[in-house]
Amino acid sequence: MAYYWYKAFHLIGIVVWFAGLFYLVRLFVYHAEANQQEEPAQSILKKQYEIMEKRLYNIITTPGMIVTVAMAIGLISTEPEIMKSGWLHIKLTFVVLLLGYHFYCGYIMKQLEKDECNWSGQQFRLLNEAPTLLLVVIVLLAVFKNNLPLDLTTWLVVALVIVMLASIQLYAKKRRKDKERMLQINEEAQVTSGN
Ligand code: HEM
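Residues numbered from 1 in each chain as written. Predicted model: local features only at pLDDT ≥ 70, side-chain atom pairs only at ≥ 80, totals over all residues. Heavy atoms only, no water.

1. A closer look at the overall build of the chain
- The number of helices and strands found in the chain is six helices and zero strands.
- Here the chain has a C-alpha radius of gyration of 21 Å; the compact-globule value for 195 residues is 16 Å, and the former is much larger.
- With respect to the three principal axes, the spread of C-alpha positions in the chain is 80 × 40 × 25 Å.
- Taking contacts inside the chain between residues at least 6 apart in sequence as the whole, the part at least 24 apart equals 81%.
- Working note: accessible area of the chain is about 12,700 Å², and carbon and sulfur atoms make up 68% of it.
- Positive and negative side-chain charges in the chain, numbering 19 and 16 respectively, have mean positions lying 5 Å apart. (Helix = DSSP H or I, 4+ residues; strand = E, 2+ residues; numbered from the N terminus. Rg over C-alpha atoms; globule rule 2.2 N^0.38 Å. Contact = heavy atoms within 4.5 Å. Areas by Shrake-Rupley, 256 points an atom, 1.4 Å probe, with all protein chains shown as cover. Lys, Arg positive; Asp, Glu negative; His and termini not counted. Charge placed at Lys NZ, Arg CZ, Asp CG, Glu CD.)

2. Quick notes on the coordination of the iron atom of the ligand
- In the first shell of the iron atom of the ligand, the protein supplies His10 (NE2) and Lys91 (NZ), at 1.8 to 2.1 Å from the metal.
- What the six donor atoms of the iron atom of the ligand show is an angle range of 87 to 178° at the metal, which sorts the shape as octahedral. Of the two residues, His10 is situated in helix α1 (residues 2–33) and Lys91 in helix α3 (residues 86–113); the sequence distance between them amounts to 81 residues.
- For Lys91, a relative accessible area of 12% puts it in the buried group. (Donors = N, O, S within 2.8 Å, 3.2 Å for Na, K, Ca; no water. Tetrahedral: all angles 85-135°; square planar, octahedral: opposite > 155°, others 65-115°. Buried < 20%, exposed > 50% of the residue type's maximum accessible area, 1.4 Å probe, protein only.)

3. With respect to the site of the ligand
- Residues in close proximity to the ligand total 21 residues, the closest being Tyr3, Lys7, His10, Lys91 and Lys145.
- Taking Tyr3, its side chain carries an N or O atom lying 2.5 Å from an oxygen atom of the ligand.
- Between an oxygen atom of the ligand and a side-chain N or O atom of Lys145, the distance comes to 2.8 Å.
- When residues of the shell around the ligand are traced back to their parent elements, those giving at least two are α1, α2 (41–78), α3 and α5 (130–144).
- For the shell around the ligand, the element with the most residues is α1, which contributes seven residues.
- Here the residues of the shell around the ligand are counted per class, giving 17 nonpolar, one polar and three charged. (Near = heavy atom within 4 Å. Polar contact = N/O pair within 3.5 Å; in protein donor to acceptor, adjacent residues only side chain to side chain. Nonpolar A, V, L, I, M, F, W, Y, C, P; charged D, E, K, R; others polar.)

4. Side note on the nonpolar core
- The biggest cluster of nonpolar side chains holds 26 residues, and the ones touching the most others in it are Leu24, Val25, Phe28, Leu98, Ile108 and Phe124.
- Counting only elements with at least two residues in this core, the list comes to α1, α2, α3, α4 (121–127) and α5.
- With nine residues, the single largest contributor to this core is α1.
- With sequence-adjacent residues up to four places away left out, Ile108 is seen in contact with Phe28, Cys117, Phe124 and Leu127. (Core = buried A, V, L, I, M, F, W, Y, C linked by side-chain atoms within 4.5 Å.)

5. As for α5
- Given a rise of 1.5 Å per residue, 15 residues ought to cover 21 Å, and the 21 Å separating the end C-alpha atoms of α5 matches this to within 8%.
- Residues Pro131, Thr132, Leu134, Ile138 and Leu141 constitute the buried set of α5.
- Contact partners of the buried residues in α5: α1, α3, α4 and α6 (152–194).
- In the segment just after α5, Lys145 is the residue with positive phi, at about 55°. (Expected span 1.5 Å × (residues − 1).)

6. Side note on the packing of aromatic side chains
- Counting across every chain of the model gives nine aromatic pairs.
- With a centroid separation of 6.1 Å and 55° between ring planes, the pair formed by Trp17 and Phe18 is classed as tilted.
- Residue class for Trp17 comes out buried when judged on its relative accessible area of 2%.
- Ring centres of Phe28 and Phe124 lie 5.4 Å apart, and the angle between their planes is 50°; this geometry places the pair in the tilted category. With a gap of 96 residues between them, Phe28 in helix α1 and Phe124 in helix α4 connect regions that are remote in the sequence.
- An aromatic cluster is built from Phe28, Tyr104, Tyr107, Trp119 and Phe124, whose rings are joined through pairwise contacts. (Phe/Tyr/Trp six-rings, centres within 6.5 Å; stacked < 30°, edge-to-face > 60°.)

Following this line, the structure appears as structure tokens:
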């Protein structure tokens with residue numbers, strides 16, 4: 001019975017952890033884009049994002065990660081045989097990458113707070129795709145285990161995820177271009193009316 005409790009909270013921890021990771025980097029996008037605002041709006045926005053990022057990281061994201069890992073340890077301690085499975089070793093390699101991503105986000109958060117991060121909103125948008133890829137690979141490994149088929153269906157799923165991520169990036173790029181064009185039109189209209 002303990003095994004099922006551990007698994008249930010392992011899954012709950014994953015949902016919380018990923019919700020935090022996705023929203024955190026979205027906040028980094030807004031934080032970086034606040035640099036385009038005039039003062040005092042820029043300082044006010046940056047201060048607000050700093051508070052939101054810190055709370056999200058410390059109260060949601062990191063506890064989500066701790067619950068996920070603690071429950072995984074519980075799962076393994078109740079079924080130690082599982083440690084011999086090949087799929088788990090591959091999964092753990094990707095989990096290490098995910099943990100690296102988590103702590104790197106914590107580092108970026110501190111850099112943003114000190115105003116020492118030169119990343120653009122676009123770069124943060126790209127960074128935000130990394131956990132999606134890790135999520136897909138880790139869940140596929142956890143569900144299929146050693147039977148993960150490397151047939152057409154799997155590659156179609158992978159291709160679909162990549163197309164979805166690329167479409168999100170292209171849509172964001174189009175919106176940015178539209179916004180720049182609108183700003184340019186407004187500036188030209190102001191110059192013309194001033195004349
Ligand atoms: C410390 C790292 C982790 C370890 C040691 C670990 C280990 C385990 C173990 C032993 C199970 C039970 C497998 C079974 O009963 O069949 C499991 C289930 C699962 N894990 Fe993890 N896990 C870790 C992190 C993660 C992460 C980060 C994710 C998602 C991104 C994840 C997704 C899942 C899923 C979806 C299941 C349920 C699979 C099923 O019941 O079919 N795990 N994990």
